[in-house]
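# Structural overview for review
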Amino acid sequence: MVRINCSAIPEHLMESELFGYERGAFAGAMKTKKGLIELAAGGTVFLDEIGEMAFDLQAKLLRILETGEFIKIGDTKPTKVDVR
């Protein structure tokens with residue numbers, strides 16, 4: 001289980017923390033980083049204070065639950081995950 005306090009992560013970092021990123025995706029991305037969603041693969045993601053998260057990110061999370069995949073920042077292919 002991965003617990004995420006959505007109100008504790010700054011809005012401008014939320015997407016990279018949730019989905020991860022590829023090396024070179026932005027200035028300072030020196031290596032590929034797995035996001036919290038990918039780290040929870042095969043388990044549970046507990047989203048505390050999700051109402052504090054931006055609506056566009058809430059929609060992206062819903063898409064992950066529907067399709068079981070997402071695209072990391074700077075990547076071109078989807079990453080499959082099995083989370084609930």
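Residues numbered from 1 in each chain as written. Predicted model: local features only at pLDDT ≥ 70, side-chain atom pairs only at ≥ 80, totals over all residues. Heavy atoms only, no water.

This next bit is on unusual backbone geometry. You will see that Glu49, though not glycine, has its phi angle at about 60°, which is positive. Tracing the chain through its elements places Glu49 in the loop between β4 (45-48) and α3 (55-67). In this structure Glu49 comes out as partly exposed when scored by relative accessible area, which is 42%. (Helix = DSSP H or I, 4+ residues; strand = E, 2+ residues; numbered from the N terminus. Buried < 20%, exposed > 50% of the residue type's maximum accessible area, 1.4 Å probe, protein only.)

Residue placement: Lys77 occurs in the loop between β5 (69-70) and β6 (79-80). According to the relative accessible area criterion, Lys77 is exposed, its value standing at 52%. Taking the C-alpha atoms as reference points, Lys77 and Tyr21, separated by 56 residues in sequence, lie 12 Å from one another.

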